[in-house]
Amino acid sequence: MSADPSEPARLVLRNARVVTPTGALDRGHVLVAGGTITAVGAGDGPADGTVVDLAGATVLPGFVDMHTHGGGGATYTTGDADEARRAAAFHLAHGTTTTLASLVTAPPELMLAATRAYQPLVADGTLAGLHYEGPYLSAARCGAQNPAYLRDPDLDELAALLDIGGVRMVTVAPERAGALDAIRYLVGRGVVAAVGHTDASYEQTLAAVEAGATAGTHVCNGMRPIHHREPGPIVALLRSPSVTCEFIADGHHLHDAMLSFAASAAGTDRAALVTDAMAAAGMSDGAYELGGQAVTVLDGVARLAEGGSIAGSTLTMDAAVRRAVGAGLPLADVARMAATTPARTIGLTDRGALAAGLRADLVVLDDDLAVRRVMRGGEWQ
Ligand SMILES: [Zn+2]
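Where an unreviewed UniProt entry is consulted, the protein appears under the name N-acetylglucosamine-6-phosphate deacetylase, with the organism given as Actinocatenispora rupis. Recorded in UniProt for the protein, the comment headed Catalytic activity (unreviewed entry) runs: "N-acetyl-D-glucosamine 6-phosphate + H2O = D-glucosamine 6-phosphate + acetate".

Written out as structure tokens, the structure reads:
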């Protein structure tokens, strides 16, 4: 142990494959003190401190999920703070050390109440913030969003919501009346504007990017598909250097070939894995609910009971990582997509990689990339 009692105790994690921003160290170490990574390097590192032999395990940065509606039987969409804590704890056990809570299209009263209810969770770090997936979305591409509550962007409504605090991202369909003004307003308030659930043309999408949108919500899903004469939002988002594109890597929302093609088109610095999970993640097949609509989960695929639209996923981030690796993406790229890129996109510069000076958020995985242990802020969970 450190000889100076004023120094925080040092943890020496060694004998592990350590995935750093520049690649993987086949046998490396990570030093942690005071909740922060103090060094990452090759070999076993120093022996003074509490040495933890990871026996050849793989260490990735803690996952950052910028789009999720719940998990473990609990949902973020109703504004119940206890449920939100359970959902966050469920995903934490699967390696997600930073999460947004995604609301879906809902009446204004519910959005106000949920945003207020989650303030303590944002304050204590259980949530890194809120994401509104709606209500300013396209009726033609609403997927599992409740069409009854879709509406054009309203700056007064947005102002009231943002004034409560904790909102980090809002998804908007650029073709709705007032959408570009809303995007400019969001960006001016320090909130990430995302393009999604949209029937926009290529040019309309570029106008949203020009107005300041920097994210694409589950790109390919809930948007006009690619056509060679009207490339639409997918090509516009993949080609925009300022935009991070979310992908749901569960093998249902996206073909593995589309995932690897789209990730290579955007580049891993602009591609983020998200779960878009709903309450049924980690639970058995059966009847669930999303934003007031009945959802049936069969063989792990969540669909609206009426109409059959895919309604979120039952994914966890560790499963998304395995899927992306299985699709042929190198592990270091997948780590960027699961942690580094989403952290940067939502403005969290203190985490998202295994590098000195960053918050000690990490996931220890076995040879099959199953989670063995999770550390958040230097504490084993
Ligand atoms: Zn969603």
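1. Re the UniProt feature "binding site: substrate" (unreviewed entry) in the protein
When the UniProt feature table is mapped onto this chain numbering, "binding site: substrate" (unreviewed entry) sits at Ala-144, Asn-221, Gly-222, Arg-229, His-253, Ile-310, Ala-311 and Gly-312. Spanning 169 residues, the named residues do not form one spatial group; their C-alpha atoms are separated by as much as 29.6 Å. Lining the largest pocket, from the set of annotated residues above, are Ala-144, Asn-221, Gly-222, His-253, Ile-310, Ala-311 and Gly-312. With respect to the element layout, Asn-221 can be found in the loop between strand E12 (215–216) and helix H7 (232–239). Look past the residues within four positions of Asn-221 in its chain and what remains in contact with it is Ile-248, His-253 and Leu-254. Secondary-structure assignment places Ile-310 in the loop between strand E17 (301–304) and helix H9 (317–326). On the basis of relative accessibility, which here comes to 25%, the residue Ile-310 falls in the partly exposed class.

2. A few points about the coordination of the zinc ion
The zinc ion binds to the protein through His-67 (NE2), His-69 (NE2), Glu-133 (OE) and Asp-276 (OD); the donor distances cover 2.0 to 2.1 Å. Geometry at the zinc ion is irregular, judged from its four donor atoms and the angles of 86 to 174° they form at the metal. We note that the donor set of the zinc ion lies within a single chain, spaced as H-x1-H-x63-E-x142-D. Of the two residues, His-69 is situated in the loop between strand E5 (63–65) and strand E6 (70–71) and Glu-133 in strand E9 (residues 129–133); the sequence distance between them amounts to 64 residues. Each member of the pair, His-69 as well as Glu-133, carries the same accessibility label: buried.

Cut-offs and rules
- Residues numbered from 1 in each chain as written.
- Predicted model: local features only at pLDDT ≥ 70, side-chain atom pairs only at ≥ 80, totals over all residues.
- Heavy atoms only, no water.
- UniProt positions renumbered as here; feature names shortened; annotations may be inferred.
- 1 Å grid on protein atoms, 1.4 Å probe; cavity = no way out; pocket = protein on both sides within 12 Å on 5 of 7 lines; lining within 4 Å.
- Helix = DSSP H or I, 4+ residues; strand = E, 2+ residues; numbered from the N terminus.
- Contact = heavy atoms within 4.5 Å.
- Buried < 20%, exposed > 50% of the residue type's maximum accessible area, 1.4 Å probe, protein only.
- Donors = N, O, S within 2.8 Å, 3.2 Å for Na, K, Ca; no water.
- Tetrahedral: all angles 85-135°; square planar, octahedral: opposite > 155°, others 65-115°.

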